[in-house]
Amino acid sequence: MLPEDAWDSQYALTLALHREQAECDYMCGRVDRADAKLEDLIRRARSPLEQADLFALRVMLLSSQGRFTEGLAASRAGLAQFGELLPETPEATMATFGAVYGEIEAGLAGRTVESLADAPAMRDPARSAVLRLLNEAFGAGFVVDARLGSVVILKHVLLSLTHGPGELSAFGFATYGYLLVGPLGRPADGLRYGRLALQLLERFTSTEVASRVHFMVGFYTGHTRPLRDSLHHLNQARVLGLETGDFMYASQGAVFHALANLRRGEDLSAVREEIDQGRALMVRTRDAMSTAQLVLLGNVVDALQHERWFGGPLFGDNQGEADWLKVVDAAGLVIVRFLHHVNKLMVATLFEAYAEALALAAAAQPLMAVAVGGPHTADLPFYSALALAASHAQAADEAERASLMAQLLEHRAVTAQWAQLCPENEQHRLHIIDAEIARLRGQDLVALDEYDRAIEWARRSQFIHHEAIANELCGRFHQARGRAQIARVYLGQARYGYERWGALAKVRALDVKYPHLAARAESVGATITASSSRALITSSLTTTGNQGLDLTSVIKAAQALTAEIAVEPLLEKIIQIMIENAGARRGVLLLERDGQLCVVAESSVDTGSYTLKQPLPLSETAAVPVSIVNYVVHTTDSVVLEDAARSGPFTTDTYVARSGMRSVLCTPLVHQTKLTGVLYLENELIPSVFPEARLHTLKLIASQAAISIENANLYANMERLVQKRTDELHRVNQSLTASNAELDAFARTVAHDLKNPLGAMVGYSEYLLENIEEVDREEVERVVENIRRASHTATNIIDELLLLAGVRKQQVQSSRLDMAVIMRQVEQRMDYMLREYGGEIAGPESWPAAIGYAPWIEEAWTNYISNGLKYGGSPPRLQLGADLQDGKIRFWVRDNGPGIDEEAQAKLFAEFSRLDTVRAEGHGLGLSIVRRIIERLGGSVGVESELGSGSLFFFTLPAA
């Protein structure tokens with residue numbers, strides 16, 4: 001207990017304790033109490049440094065609650081103590097912006113951005129206090145006035161340039177990178193400042209600003225790097241923000257991670273789940289702006305999944321959307337209104353509500369100033385262009401058509417700029433716009449070519465929804481010209497793409513407009529993927545499900561569990577599914593073994609690990625609270641504790657008391673009234689993680705888990721009994737299964753990949769026949785050349801399929817290889833591609849001797865080099881070589897391409913897999929051919945790659 005005169009006799013301790021109490025109140029959600037405490041402490045603080053710390057904490061609190069105007073006023077008050085005044089009028093703001101920007105450029109004279117990472121550190125505590133105030137002022141300032149927020153960051157950067165970087169400088173440089181990428185139009189320099197910010201984080205171990213630095217870098221790198229590259233930084237913003245109490249940036253990390261996945265065309269069910277998890281997070285952070293954004297994104301996904309939307313309110317009813325917009329406008333959240341307009345524009349365009357789409361685009365355009373630099377700003381010109389192109393035919397007169405075309409060309413120019421920065425994100429969208437422009441100008445041949453280019457780019461870049469859009473527009477193009485057969489091909493591909501995306505409302509809209517698509521889809525239902533079938537089932541159940549019961553999660557869990565019959569993988573699935581559905585950070589599975597309950601498996605979100613344990617009796621383990629588990633065992637009731645260490649009947653449990661455990665869920669696994677196990681879940685950081693509303697869902701999943709465990713045990717016992725008699729049958733069955741799978745994949749490959757070149761040949765041929773008397777010789781030659789290219793594509797697909805099948809069956813005799821001769825033959829085959837791509841190949845003067853079959857090795861080299869030329873750098877530079885590893889010769893091709901992430905590497909050599917990244921063979925064949933060839937010859941294949949550092953593809957052969 002502090003004495004009554006504590007503020008006089010023990011000032012420093014009293015201030016520290018009261019500040020700690022205010023921060024704890026804030027992190028626990030007692031916001032009003034924390035704010036009142038901070039206001040009182042600011043009045044009592046005796047030094048500017050102490051006041052600066054308290055002002056910064058209060059600005060963070062106010063901003064996280066959406067009280068940005070109050071936050072900006074508090075920032076001004078704190079900065080004024082150090083003589084740092086922020087401009088008050090728009091004119092003064094612009095003048096200050098220009099002046100400080102000029103000082104920054106002058107201060108960099110003779111220095112590189114990279115050199116700032118090692119500059120002498122800032123030592124002055126007063127300047128460090130100003131940095132902290134500027135850190136917190138940015139968020140509030142940017143929302144109130146984007147130009148003022150920019151001035152805040154420029155002052156932040158100038159201070160670090162002049163007096164050296166400090167622990168908080170990383171955020172200023174990261175946000176300056178945002179200004180350079182967006183408003184200032186210097187994207188390459190912006191990325192350099194982003195890298196500098198990450199280096200300073202490591203140098204100073206700046207945990208206080210780690211969340212916001214990762215958020216800013218993730219926010220704008222989506223313009224200049226593949227969109228998936230931003231996901232790591234946005235997730236780090238969420239995780240680190242929760243750990244450090246930087247709730248505003250933790251919340252924004254969650255929002256823009258979900259938005260990035262929506263924009264990437266990720267499965268909408270997964271995006272919806274991520275949004276729901278974000279909404280649950282907002283209960284803790286109480287971030288008003290992020291909550292509004294997640295409400296919006298949830299309604300966007302609902303419109304795509306469940307509603308046949310043809311204009312009007314996006315939120316299901318006019319009043320709901322109107323009320324939401326009132327809240328947004330009252331809080332001054334202009335950036336949220338912009339996000340609303342752009343995402344509703346996307347939905348309106350997809351469902352052909354073009355008049356409303358154009359109105360939304362017009363409303364969004366003036367708000368660009370607050371969003372420029374954010375990756376979602378690239379959506380505005382794309383969907384605006386599509387709506388303008390679709391509206392062109394309904395224009396009243398030539399003047400209106402000319403106006404629409406002029407606007408369309410403006411949006412095309414903006415998209416072209418984005419495509420230049422990152423082709424993987426935007427090139428397919430530019431081709432779609434160019435196809436629509438060519439269509440409107442009557443340039444049918446150009447339109448056909450651009451549609452096909454758009455489809456191929458979207459597929460390679462893994463934008464499923466944009467591939468579907470390109471297919472739909474191309475199908476409409478053919479339909480309008482009376483080419484019904486080829487139109488069905490493209491429209492069918494569009495329907496399939498929307499279905500893969502999970503946009504089932506769009507699928508239903510297509511079925512209404514083109515009834516033959518639905519009939520055809522039913523007749524070839526076997527080609528629909530399992531995930532698509534699940535989406536169709538679960539969406540209909542979810543819309544009519546019981547309140548509090550998440551049937552989607554139950555069905556997905558049941559399908560996952562019933563599909564697994566082996567005990568060990570099943571246990572891993574059970575514990576991971578329950579952790580994901582409950583929001584736990586750690587889980588432990590206990591099962592009955594020899595008459596007693598034993599710990600058999602454990603999983604942790606923090607470490608990303610899953611451990612299958614030797615059965616350890618409950619009485620001997622320290623991995624779970626024994627009293628809680630025993631209660632569940634004796635009563636077969638579930639236990640849900642909102643704050644286990646602080647309230648409830650188990651606060652004295654040794655495990656609970658030692659760990660300070662917060663949220664706990666312990667539920668029995670019961671099969672036919674018999675207890676077969678117990679699942680224990682916990683979250684040691686956050687209270688009330690396991691709401692009652694989810695308990696019914698989790699119980700149903702636990703019931704299915706108990707059934708699956710029983711079935712798996714029965715299967716394991718049966719398998720042990722009959723193993724000796726069925727070994728041979730098992731091998732035969734495996735072979736048949738593999739053959740059937742391969743045959744099925746073969747059929748899908750032929751049906752899917754041959755459609756495009758054959759469809760192109762049909763389309764070009766019909767065009768030529770219909771217009772033969774009107775086209776000149778030059779255009780005829782262009783058409784014939786496109787037909788020739790399409791026929792070569794079809795021939796190559798067939799040749800690769802035949803080669804892949806032949807490798808399995810053909811018997812060959814291996815011998816000593818003359819690799820120099822083989823490489824000369826490969827270079828002759830590659831000569832055309834080398835000239836087409838402007839590539840260079842460098843190799844050793846001599847090759848080590850290896851054993852193999854020369855024609856097959858020639859095919860392996862050809863595939864690797866072909867991929868390197870197609871998907872390497874621009875222009876491609878390939879280095880060939882060989883070395884000795886583990887007694888075998890390793891032959892390799894190194895390229896200068898963008899690199900491949902680990903998840904994609906694992907799928908590269910799978911037969912008939914359609915990985916669709918920029919590094920995968922378009923037919924899902926090339927790399928699988930290499931794998932089969934090399935494995936037949938006693939070697940292996942692989943890839944070594946890091947994003948941004950190129951890739952090395954290799955194969956090994958026995959040494960001669």
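Here goes a summary of the coordinates provided. Please read these numbers as outputs of a predicted model, since none were measured by experiment.

1. A short note on empty space enclosed by the protein
One pass over the structure, following the stated rule, counts ten cavities of 30 Å³ or more. Quantified by volume, the largest cavity comes out at close to 230 Å³. Each residue belonging to the lining of the largest cavity can be placed in one class, and the counts come to 13 nonpolar, two polar and no charged.

2. Quick notes on the sheet that holds strand β8 (residues 840-842)
Strand order in the open sheet formed by five strands is β8-β10-β11-β13-β12, with mixed pairing between adjacent strands. A single partner strand is all that each edge strand has here, and the edge strands are β8 and β12 (941-945). Neighbour to neighbour, the strand axes of the sheet diverge by 20° on average, direction disregarded. Two elements, β8 and strand β10 (residues 877-885), share three bridges in a ladder whose sense is parallel. Note on β10: the bridge partner recorded for I841 is L878. Across the sheet, helix α39 (residues 926-936) touches β12 and β13 (951-958), and the angle it forms with β13 is around 25°.

3. Notes on the side chain of T676
Inspection of the secondary structure assignment puts T676 in strand β6 (residues 674-683). Other than its neighbours up to four places away in sequence, T676 contacts L590, L591, E592, L669, V670, H671, A706 and E710.

4. Observations regarding helix α25 (residues 484-501)
Think of an α-helix as 3.6 residues a turn; residues three or four steps apart then line up on the same face. The end-to-end C-alpha distance of α25 is 25 Å, a good match for the 26 Å that 18 residues give at a rise of 1.5 Å each. Listed in full, the buried residues belonging to α25 are I486, A487, Y490, L491, G492, Q493, A494, R495, G497, Y498, E499 and W501. Immediately beyond the C-terminal end of α25, within one or two residues, lies G502, with a positive phi of roughly 95°.

5. Concerning the packing of helix α2 (residues 11-27) against helix α3 (residues 31-44)
It is at 8 Å that the axes of α2 and α3 come closest, and there the two elements cross at 155°. With respect to α3, the axis of α2 lies roughly antiparallel. Considering the relative orientation of α2 and α3, their crossing is left-handed. Taken together, the residues of α3 that come into contact with α2 (itself represented by Y11, L15, H18, R19, Q21, A22, D25 and Y26) are V31, R33, A34, K37, L38, L41 and R44.

6. Comments concerning the environment of A906
Mapped onto the elements of the fold, A906 is located in the loop between α38 (902-905) and α39. Since its relative accessible area comes to 69%, A906 is described here as exposed. For A906 and V943, which are 37 residues apart along the polypeptide, the C-alpha to C-alpha distance reads 9.2 Å.

7. As for the pattern of salt bridges
Evaluated as defined, the whole model comprises 62 salt bridges. One salt bridge connects R19 with E23, and the closest N-O pair in it is separated by 2.8 Å. Separated by four residues within a single helix, R19 and E23 lie in helix α2, roughly one turn from each other. By relative accessible area, which is 17% here, R19 ends up buried. Here E781 and R777 are joined by a salt bridge, their closest N and O atoms 3.1 Å apart. With E781 and R777 both in helix α35 (residues 777-809) and four residues apart, this pair spans about one turn of that helix. A relative accessible area of 66% means that R777 is categorised as exposed. In the salt-bridge network here, residues are joined through shared partners; they are R19, E23, D53, R132 and E208.

The rules we used
- Residues numbered from 1 in each chain as written.
- Predicted model: local features only at pLDDT ≥ 70, side-chain atom pairs only at ≥ 80, totals over all residues.
- Heavy atoms only, no water.
- 1 Å grid on protein atoms, 1.4 Å probe; cavity = no way out; pocket = protein on both sides within 12 Å on 5 of 7 lines; lining within 4 Å.
- Points joined across faces, edges and corners; volume = space filled by probe spheres on them.
- Nonpolar A, V, L, I, M, F, W, Y, C, P; charged D, E, K, R; others polar.
- Pairing = 2+ DSSP bridges.
- Helix = DSSP H or I, 4+ residues; strand = E, 2+ residues; numbered from the N terminus.
- Axes fitted to C-alpha atoms, helices over the stretch in contact; angles between N-to-C directions.
- Contact = heavy atoms within 4.5 Å.
- Expected span 1.5 Å × (residues − 1).
- Buried < 20%, exposed > 50% of the residue type's maximum accessible area, 1.4 Å probe, protein only.
- Parallel < 35°, antiparallel > 145°, perpendicular 65-115°, else oblique.
- Left-handed = near helix turned anticlockwise from the far one by under 90°.
- Salt bridge = Lys/Arg side-chain N within 4 Å of Asp/Glu carboxyl O.

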